[in-house]
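One-letter residues, chain by chain:
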Amino acid sequence: MGTISRHDATTTAAALLLLALTLSSSMAAAASGPGFSCGPSSPARSLPFCDRSLPAARRAADLVSRMTVAEKVSQMGDEAAGVPRLGVPAYKYWSEGLHGLAFWGHGLRFDGAVKGVTSFPQVLLTAASFDEGLWFRIGQAIGREARAMYNLGQAEGLTIWSPNVNIFRDPRWGRGQETPGEDPATASKYAVAFVRGIQGSSPGGAGTAPLQASACCKHATAYDLEDWNGVQRYNFKATVTAQDLADTFNPPFRSCVVDGKATCVMCAYTGVNGVPACASSDLLTKTFRGEWGLDGYVASDCDAVAIMRDAQRYAPTPEDTVAVALKAGLDLNCGTYTQDHGMSAIRQGKMAEKDVDKALTNLFAVRMRLGHFDGDPRGSAPYGGLGAADICTPEHKNLALEAAQDGIVLLKNDGGLLPLDRSAVGSAAAIGHNANDPLVLSGNYFGPACETTTPLKGLQGYLKNVRFLAGCNSAACGVAATGQAVSLASSSDYVFLFMGLSQEQEKEGLDRTSLLLPGKQQSLITAVAAAAKRPVILVLLTGGPVDVTFAQSNPKIGAILWAGYPGQAGGLAIARVLFGDHNPSGRLPVTWYPEEFTKIPMTDMRMRANPATGYPGRSYRFYNGRTVYKFGYGLSYSKFSHRLVADGKNPAPDTSLFAGLPSTLSSREIGSYYHVDDIGADGCEQLKFPAEVEVENHGPMDGKHSVLMFLRWPNVTDDGRPTSQLVGFRSQHLKAGEKASVRFDVSPCEHFSRAREDGKMVIDRGSHFLMVGKDEWEISFEA
């Protein structure tokens, strides 16, 4: 894929699929089993690194100490060479599992007993469920399938470079589809749940040994631009305030490491405030390892080290570049650059052998924890028995369906048009380029799905008389069969439009320039709606948000659904929502902006609005402009109500500890605040309190409901307070007429704090308001 784009998915999905299958067949000489060390016949079985009773880091250090310098340097890329004399097999670090195991990377093959894997919805749609338990189970299933592939000899690594927990800062970003959205609290909770699942921990965080697989949180930090107006991610120099780093960009990565116990963090291409992320010792060593306690390795995005020299001109020579990265705290370079120049860097005195030893010890410690130095993993608990029968299981297929239908967001439903009574639909038209394209279901970073159901196939499972017309020649819709579509619509009882985007408009390496539906899509939809007998149903398959203001206000467009890129079961999930076999409960994890937002440069990294200059800010927390749909928006076929239970059941937090703390007057004299650092870990624990919300489903259907709790302050100030910020969420299934209580564990140090301009977290004195819908509970922090 080129020197500076090995991690760049710029090939079309179909071409990539063909390429991957071709490569797989050419590698048919696959091993009959997994690679491992320290078996009964291993020459090293009596050495300390094979002693399972020793800590992983000690075992790794022993192994590294026995390697020559040349052998050490050969380990410094994503394709690590074997060391036969020590019984160490070759290893491939780069595998992907964003929403299912993927073709991307080098560590997995689909040329053996397993030809397909479970393809879950693209992450942004899954995030719309606001269900941590669901996220955990998806990670768990992906990790399980990865371990099964390893046992079968179809994987040469178990280091999965997922999840992507970057903040979806700008709606044009091509990779926003891969993320949990714009909110740092949501992204943080997603990171923890997914990482715990993939690595084999319990939902509560209790670990197992060995790891099921190793997760890697990417791409730290403030990475959210591909190619906009001539600025590419390889040479983008991001200017990011300490305030925005502290309360927007870094929290998901911190949660990944501190709470999720991720065993890898990937640094981004981005140059942050003049320093490439992969050359920043403040980020890689001081923050990841020092403040957050990373127990694992730091990987670079692919060819990021080469890019530091070739595109960013950060260091004068290849040797200087390799040395700068390793000394900053990088352990592994995706690519061959450190392998190509590591020996000469040591010979020239740019770095020492001990710098390499430190990196390799981190890498091998993770491989030790994966059980690769414990003999044949097929004979070891708890994963030794996993194989082909554990991939694409009925449970995993049902989970893919559950995730898709729980994520689908009902945006419009005039007059209760949906759900439809299938017996009342005599004939139907399915119009749209996304109606019968199985590739659009996956988004990017996908593998071969074990089965797929397109929206057209989903409809045909409910209705006998469905006529199909693509309408557009592609998502770009340069050519539209408007006349045929109008004729079909006018002769059908019901019309379903499956429109939206594809990887032609948004993907890695490609940002959008417009938020409108591409080409002639809007005119086609409008013409079809005008010709139809009754209001039409518009289903949008997109990664990022689109401006569909025209459809919002058109009475002939009766219902709008956002279905993201819904994975292998997407068509069935859509049909189940349309016909009422599933009550929609998804809520938008991103703000949907109007087209006018594209006037704002993607390169402006500021989150906070600046009214004096007309800068509108970004995300629901700071944006002060018009929205198409707000963060958290989503309709249901049922009416739900919720009430904060504050009278006696919800005790106010104990604020007596503030009596001994100094409070600082704000620089703008709007009040005073307490430093979270001064409160300390024990004090923060003491401040925690429960908040209970009573939820009721008033019918007429059973369904899930996601309760979102926000915090707001009495006023938004120049100190950069958000308009509001999410405290937490709970997903609750309720039968029609049922009432239940859901509990939120509120931590003021985490949930009520805000970042000062210098990045320090503080809690303001005075009133704070917890909000669920329009219901509020005032909480005051005073000594």
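Here goes a summary of the coordinates provided. Every value quoted in this text rests on a predicted model; they were computed, and no experiment measured them.

What counts, and where the lines are drawn
- Residues numbered from 1 in each chain as written.
- Predicted model: local features only at pLDDT ≥ 70, side-chain atom pairs only at ≥ 80, totals over all residues.
- Heavy atoms only, no water.
- Helix = DSSP H or I, 4+ residues; strand = E, 2+ residues; numbered from the N terminus.
- Rg over C-alpha atoms; globule rule 2.2 N^0.38 Å.
- Buried < 20%, exposed > 50% of the residue type's maximum accessible area, 1.4 Å probe, protein only.
- Contact = heavy atoms within 4.5 Å.
- Areas by Shrake-Rupley, 256 points an atom, 1.4 Å probe, with all protein chains shown as cover.
- Lys, Arg positive; Asp, Glu negative; His and termini not counted.
- Charge placed at Lys NZ, Arg CZ, Asp CG, Glu CD.
- Polar contact = N/O pair within 3.5 Å; in protein donor to acceptor, adjacent residues only side chain to side chain.
- 1 Å grid on protein atoms, 1.4 Å probe; cavity = no way out; pocket = protein on both sides within 12 Å on 5 of 7 lines; lining within 4 Å.
- Points joined across faces, edges and corners; volume = space filled by probe spheres on them.
- Nonpolar A, V, L, I, M, F, W, Y, C, P; charged D, E, K, R; others polar.
- Pairing = 2+ DSSP bridges.
- Axes fitted to C-alpha atoms, helices over the stretch in contact; angles between N-to-C directions.

## Some details on the overall build of the protein chain
Counting its secondary structure elements, the protein chain contains 22 helices and 29 strands. In summary, the protein chain has a C-alpha radius of gyration of 26 Å against a globular reference of 28 Å for 783 residues, a match within 12%. Across the 783 residues in the protein chain, those meeting the buried criterion constitute 63%. Of the contacts made within the protein chain by residues no fewer than 6 positions apart, 77% connect residues no fewer than 24 positions apart. Per element, the accessible surface of the protein chain, about 26,700 Å² overall, is 51% carbon and sulfur. On the protein chain, the mean spot of the 74 positive side-chain charges and the mean spot of the 78 negative ones are 3 Å from each other.

## A word on the environment of Ser741
Structurally, Ser741 can be placed in strand E25 (residues 739-746). Those residues in contact with Ser741 that sit more than four places away from it in its chain are Glu692, Val693 and Glu694. There is a polar contact of 3.1 Å between the side chain of Ser741 and the side chain of Glu692.

## What to know about the layout of surface pockets
Empty pockets left among the atoms are what a rolling probe the size of a water molecule brings to light. By volume, the second largest pocket is sized at about 900 Å³. Lining the second largest pocket are 33 residues, with Arg587, Phe631, Gly632, Tyr633 and Gly773 sitting closest to its centre. Taken together, the elements giving at least two residues each to the lining of the second largest pocket come down to strand E19 (640-645), strand E23 (703-712) and strand E28 (766-772). Its residues placed into classes, the lining of the second largest pocket shows twelve nonpolar, 16 polar and five charged.

## Describing the sheet that holds E25
The strand order E19-E22-E25 describes an open sheet built from three strands, whose pairing is antiparallel. The strands lining the two open edges of the sheet, one partner per strand, are E19 and E25. Strand-to-strand, the axes of this sheet are offset by a mean angle of 25°, without reference to chain direction.

## Some details on unusual backbone geometry
Following Ala220, the chain continues into Thr221 via a peptide bond in cis, with omega recorded as 0°. Put simply, Leu418 and Pro419 share a cis peptide bond, and its omega is 0°. Along the chain, the position of Pro419 falls in the loop between strand E13 (409-413) and strand E14 (428-431). In this model, Ala222 sits at a positive phi of 55°, which is unusual for a non-glycine residue. By the element assignment, Ala222 lies in the loop between strand E5 (217-220) and strand E6 (227-228). Taking relative accessible area as the criterion, Ala222 reaches 2% and is therefore assigned buried. Even without being glycine, Ser619 reaches a positive phi, approximately 70°. Examined against the element boundaries, Ser619 turns out to sit in helix H20 (residues 619-622). Classification of Ser619 as buried rests on a relative accessible area of 1%.

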